[in-house]
Structures are given as structure tokens and as C-alpha cells.
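# Close look at the chain arrangement
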Amino acid sequence: DGNVFYSDLVSDSGTVVADEAKITLGNVPADGSAPLAPGSPYSEIVVTGYSVTYDNGIYPPYSGGLTLRVPSGGTADGSIALSDLGAKASVPTNVATATTARIKVYGFVMANGSNNGDKVEALASVPVQVANFKDSQLP
């Protein structure tokens, strides 16, 4: 929704906090034409994974699997991890920085049955604030 994502380095209880972001992917023609009829060849997108990089390298690149089916003309919801807990735990807790997470979601267009069609990818970015927040300070 265009909001800042707050990456809390350590919770008030002293544990490293996982960065999970909810995503919604849509399958609509880029040219504004009508979506293909559901069930017709090339109408569905199968999402297989994603990767995340940070503009300032606060966290190393991260990638993961993601299984979603996005119907023609529709959307699908999922969630992704924005960083690796081990790498996040190595960031000093006195660090405070702003950065941008660059997200790439990828998969393929479902062709006839289980045949893989053309590869597809969606790109997004989200502003991220990294710090050791007090949990009560987070929105």
C-alpha cells in the first residue's frame, strides 16, 4: 500500500524479529484488454519464487520459494520474508537506517495443462526503516 515497512532488529523480549510482508499479485493484461477466459491456454500464472535486495546492502540478498496461482483477471495473496534471520541477527542493534527493498516475484504462464509457458516476473519496491524500535513505537 506504499507504506514504510519497519524492520525491528530485536523485539522487546530480545529475540530477532522476522520480516514478513503480505503481497497481492494480479494477472491483468498490460495493454488494458479483456483478460483471457479462465481455463483457456495461457490464462493462469504460476508463481514459483521471489528475491529481495536492498539498495544500501543492510541485509544481504534473500530469495525464497513461493507457490501461488494467479487466475486470469484476478489476484492472489501471499506473504514473503524480506530478510534472513541469521543475517539480520548480525546487524548491530545500534544501527538505524532507511533503505529500499527491491522485490522480484517470478514464475511462468500456465500453458496447456502442466506445460510451462513463458517466464514472467513482477517487480516492486518498498521503503524500509531498520532500527532497534521499542515494540510500542511500531504502527
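Residues numbered from 1 in each chain as written. Predicted model: local features only at pLDDT ≥ 70, side-chain atom pairs only at ≥ 80, totals over all residues. Heavy atoms only, no water.

### Regarding the packing of aromatic side chains
Inclusion rule: Between the rings of Phe, Tyr and Trp (Trp by its six-membered ring), a pair exists once the centres lie within 6.5 Å; its type follows the angle of the planes, with under 30 degrees stacked, over 60 edge-to-face, and the other angles tilted. A run of H or I in DSSP becomes a helix once it reaches four residues, and a run of E becomes a strand once it reaches two; helices and strands are each numbered from the N terminus. Buried, partly exposed and exposed residues are distinguished by accessible area as a fraction of the type maximum, computed with a 1.4 Å probe on protein chains only: under 20%, between the cut-offs, and over 50%, respectively.
All told, the structure shown has three aromatic pairs when counted by the stated rule. Ring centres of Tyr6 and Phe133 lie 5.5 Å apart, and the angle between their planes is 85°; on these two criteria the pair is classed as edge-to-face. With Tyr6 in strand S1 (residues 5–8) and Phe133 in the segment after strand S7 (116–131), this pair connects stretches of sequence that are 127 residues apart. The class for Tyr6 is partly exposed, based on a relative accessible area of 34%. The class for Phe133 is buried, based on a relative accessible area of 15%. With centroids separated by 5.3 Å and ring planes inclined at 80°, the aromatic side chains of Tyr54 and Tyr59 adopt a geometry described as edge-to-face. Residue class for Tyr59 comes out buried when judged on its relative accessible area of 2%.

### Focus on the sheet that holds S1
Note the following rule: Should DSSP find at least two bridges between two strands, the strands are taken to pair. Here an angle of 0 to 180 degrees is reported between the N-to-C directions of two axes, which are lines fitted to C-alpha atoms, with helices fitted over the stretch in contact.
Spatially, the five strands line up as an open sheet ordered S1-S7-S6-S3-S4, and their pairing is mixed. At either margin of the open sheet sits one strand with a lone partner, and together these are S1 and strand S4 (62–70). The mean inter-strand angle of the sheet, taken between neighbouring strand axes irrespective of direction, is 30°. The sheet contact formed by strand S6 (residues 97–110) and S7 spans 13 bridges and is antiparallel. Within S7, the position partnered with Val105 by the bridge is Ala122.

### With respect to the nonpolar core
The condition is simple: Residues belong to one nonpolar core when they are buried, are Ala, Val, Leu, Ile, Met, Phe, Trp, Tyr or Cys, and are joined through side-chain atoms within 4.5 Å. Contact definition: two residues touch when any of their heavy atoms are within 4.5 Å.
Membership of the largest hydrophobic core comes to 26 residues, with the highest contact counts inside it found for Val47, Tyr54, Leu66, Ile80, Leu82 and Val105. Only strand S2 (20–26), strand S3 (44–54), S4, strand S5 (75–81), S6 and S7 provide two or more residues apiece to this core. Counting residues per element, this core draws most heavily on S3, which supplies five residues. Among all residues touching Ile80, those that are not within four sequence positions of it are Asp19, Glu20, Ala21, Ile23, Tyr50, Leu66 and Ile103.

### Things to note about the side chain of Asp8
Let me state the cut-off plainly: For the purpose of charge, His is not counted, nor are the chain termini; Lys and Arg are scored as positive and Asp and Glu as negative. Counted as salt bridges are all cases of a side-chain nitrogen of Lys or Arg within 4 Å of a carboxyl oxygen of Asp or Glu. In protein, a polar contact requires one atom able to donate a hydrogen and another able to accept it; more generally it is a pair of N or O atoms within 3.5 Å, and residues adjacent in sequence count only if both atoms are side-chain atoms.
Tracing the sequence through the fold places Asp8 in strand S1. The side chain of Asp8 is buried and forms no salt bridge, while Lys88, the nearest opposite charge, is found at 6.7 Å. A distance of 3.0 Å separates a polar side-chain atom of Asp8 from the backbone nitrogen of Phe133.

### Observations concerning the side chain of Asp19
Counting through the fold element by element, Asp19 comes out in the loop between S1 and S2. Among the polar contacts listed, one links the side chain of Asp19 to the side chain of Ser7, at a separation of 2.7 Å. In contact with Asp19, other than residues within four places in its own chain, are Phe5, Ser7, Asp8, Tyr59, Ile80, Ala81, Leu82, Ser83 and Lys88.

### Some thoughts on the environment of Arg102
Inspection of the secondary structure assignment puts Arg102 in strand S6. Separated by 70 residues in sequence, Arg102 and Gly32 place their C-alpha atoms 26 Å apart. Not counting residues within four places of it along the chain, the set of residues in contact with Arg102 comprises Ser51, Val52, Thr53, Asp55, Ala124 and Ser125. A polar contact is formed between the side chain of Arg102 and the side chain of Asp55, at a distance of 2.9 Å.

### A word on the layout of surface pockets
Condition: Residues are called lining when one of their atoms sits within 4 Å of a cavity or pocket point, these points coming from a 1 Å grid over the protein atoms alone, where a cavity is a set in which a 1.4 Å probe fits but cannot get out and a pocket is an open set with protein on both sides within 12 Å along at least five of seven lines. Grid points are joined across faces, edges and corners, and a volume is the space filled by probe spheres set on the points.
There is about 680 Å³ of room inside the largest pocket. Every residue lining the largest pocket is counted, 27 residues in all, and those nearest its centre are Lys22, Ile23, Thr24, Ile103 and Ala124. Ranked by the residues each element gives to the lining of the largest pocket, the list is headed by S7, at eight residues.

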